[in-house]
Each structure stands twice: as C-alpha cells, then as structure tokens.
Amino acid sequence: MTKTDALQLVRYLCWRSKVDEPSEVTWTTRAVRGCYTMPIHRKLPRGRIACGPRAWISPEAQILHEVAHHICAMRSPKRQLTRRERRESRGLHVYGKVVHGPWFTETLIELAEHWHGDVTAYPWKDEYAGVAKWADRVLTQ
Ligand SMILES: [Zn+2]
C-alpha cells in the first residue's frame, strides 16, 4: 500500500459513511500502532489519522480502524453534552481520549462491510481483545 492508496481508502470510507474527511492523514513508517488525534485542536477541526506501511495489523485494517475513530468523533454530538454526559456516553469520548467501546466496534463493523462487502474478511482476531470480543458478539447474533 502507498500513501496514495491510503488517502484514497480514507476518502472512500468517509464518503460511504457520509462524514467529512479528517483534516490530515499522515503516512509514516513510525505509525506501527496507528493513531487518531481527536478533533479537539483548533488546527485539526476534523482530527488527524496517522497510519503507515509498518502497521501492526495490515495497513488496510489499520486505516479502517483509525477511520472508525474518526467517524465516531464526527458523529458524536459531544459539543451538545456536558462533560459528565460525555464521559458516560458509552465510553467513546473521555476528555478527548480515544477508547474502543461498543459504539467504536459497531462503526468498524460498518466500515468492514463497506470495504470488504463481508465483515468476516476483517482480521478481527488481530484486533484489541475488547474489540474482537464485541465484534464476535455482534456478528454471531
Ligand atoms: Zn484505536
């Protein structure tokens, strides 16, 4: 995968999920874990995704994962919530930190559907344990 492929994938996933693209996409060999910077900085009103060819999972899966964070952030009505409500909103936003709750996993399932056409094609077994467990629960219902 090249940077151009990565940008195209981000664009495609955002378009399919009807959200604006992140403010920045950084393609770097340092992004082994991948990273999503929440849109809490004035310079990054729509957040930033860092991804790269050395992804712990495949670069493609890493991008699906980080775009899922972006979509959660864009869809969250967090600006209308109090801090306490935000903290309690299903574990999504805890003062700008990213976590991997049920809402995140459901979004990742949606993206896997968009991209692979088959959610089981996503490498769930390589995901964080919590994500893999929740996905398993949703997908085997
Ligand atoms: Zn994550």
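What you see as residue numbers is a count from 1 along each chain, following the sequence as written. With pLDDT at 70 or above as the cut-off, local features in this predicted model cover only qualifying residues; side-chain atom pairs require 80 or more to be listed or tallied, and sums for whole chains, interfaces and linings still use all residues.

**Q** Looking at this model, I keep getting lost on the overall build of the protein chain. Mind explaining?
**A** Runs of H or I in DSSP of at least four residues are treated as helices and runs of E of at least two as strands, each being numbered from the N terminus. Secondary structure assignment for the protein chain yields five helices and five strands. Helices and strands in the protein chain line up, N terminus first, as α-β-β-β-α-α-β-β-α-α. When burial is assessed residue by residue, the protein chain has 31% of its 141 residues classed as buried. Counting only contacts in the protein chain whose residues sit at least 6 apart along the sequence, the fraction spanning at least 24 positions is 54%. We call a residue exposed when 12 or fewer other C-beta atoms sit within 10 Å of its C-beta, buried when the count reaches 20 or more, and partly exposed for counts in between; the C-beta positions come from the backbone. Contact criterion: two residues are in contact if their C-beta atoms, reconstructed from the backbone, are within 7 Å.

**Q** How should the nonpolar core be read in this particular structure?
**A** One broad trend across soluble globular proteins is that nonpolar side chains are buried collectively. Ranked by size, the top nonpolar core spans 27 residues in total, and within it Val10, Leu64, Val67, Ala68 and Leu111 carry the most contacts. Listed by contribution, the elements that provide at least two residues to this core are helix H1 (3–16), strand S3 (48–51), helix H2 (59–75), helix H4 (102–116) and helix H5 (129–139). With eight residues, the top contributor of residues to this core is H2. Not counting the four nearest positions on each side in its chain, Val67 is found in contact with Val10, Leu13, Cys14, Ile49 and Leu111. The term nonpolar core refers to a group of buried residues, namely Ala, Val, Leu, Ile, Met, Phe, Trp, Tyr and Cys, whose C-beta atoms join them within 7 Å.

**Q** What's the story with the pairing of S3 in this structure? I'm lost.
**A** Every regular strand shows the same layout, with side chains that alternate between the two sheet faces. Of the two faces of S3, the one lined by Ile49 and Cys51 is fully buried and the one lined by Arg48 and Ala50 carries no buried residue. Both strand S1 (residues 24–27) and S3 contribute to a ladder of four bridges, which runs parallel. What sits directly across from Glu24, in S3, is Arg48. Two strands make a pair as long as DSSP finds a minimum of two bridges between them. Pairing of strand S2 (residues 35–37) with S3, which is carried by three bridges, proceeds in the antiparallel orientation. Opposite Thr37, over in S3, you have Arg48 as the bridge partner.

**Q** How do you make sense of H5 when you look at a structure like this?
**A** The α-helix advances 3.6 residues per turn, and as a result positions three or four apart in sequence lie on the same side. Within the span of H5, buried status applies to Val131, Trp134 and Ala135. Considered in projection along H5, the buried side chains sweep an arc of 100° and stay on one side of the axis. Residues Ala129 and Arg137 are exposed on H5 and point more than 90 degrees away from its buried face. Contact partners of the buried residues in H5: H4. It is the directions from the helix axis to the C-beta atoms that the arc portrays.

**Q** Help me out: how do you make sense of the packing of H1 against H2 in this one?
**A** In a packed pair of helices, the relevant descriptors are the angle between the two axes and the axis-to-axis distance. With axes taken as lines fitted to C-alpha atoms, and helix axes fitted only over the stretch in contact, angles between N-to-C directions fall between 0 and 180 degrees. H2 packs onto H1 with a crossing angle of 40° between their chain directions and a minimal axis gap of 10 Å. By the criterion of interaxial angle, the relationship of H1 to H2 is oblique. Along this stretch, H1 crosses H2, giving a crossing that reads as right-handed. On the side of H1, the interface is formed by Ala6, Leu9, Val10, Leu13 and Cys14, while H2 contributes Pro59, Glu60, Ile63, Leu64 and Val67. Each residue is assigned to one of three groups, with Ala, Val, Leu, Ile, Met, Phe, Trp, Tyr, Cys and Pro labelled nonpolar, Asp, Glu, Lys and Arg labelled charged, and all others, Gly among them, labelled polar. Along the lines of polarity and charge, the residues of the contact of H1 with H2 split into nine nonpolar, no polar and one charged. Angles below 35 degrees are treated as roughly parallel, those above 145 as roughly antiparallel, those between 65 and 115 as roughly perpendicular, and all remaining angles as oblique. Left-handed describes a crossing in which the near helix is turned anticlockwise from the far one by less than a right angle; the clockwise case is right-handed.

**Q** What should I look at first to understand the confidence of the model for the protein chain in this one?
**A** Caution applies to low-pLDDT regions: their predicted coordinates should not be interpreted in detail. Every residue is assigned a pLDDT by the predictor, reflecting its confidence on a scale from 0 to 100. Residue-level pLDDT values for the protein chain average 85, and 84% of them are 70 or greater. In the model of the protein chain, strand S4 (residues 93–94) stands out as the element of lowest mean pLDDT, 44, in contrast to H1, which has the highest, 97. Taken together, the stretch residues 91–97 has pLDDT below 50 and engages in 15 contacts with residues farther than four places along the chain or on a different chain.

**Q** Honestly, the sheet that holds S1 in this entry has me stumped. Any pointers?
**A** The strands making up a sheet associate through backbone hydrogen bonding, with each pair oriented either parallel or antiparallel. Taken in spatial order, the three strands make up an open sheet running S1-S3-S2, and their pairing is mixed. Either end of the sheet is taken by a strand with one partner, and the two such strands are S1 and S2. For this sheet, the mean angle separating the axes of adjacent strands, direction not counted, is 15°. Packed on one face of the sheet, H2 meets S2 and S3 and runs near 165° to S3.

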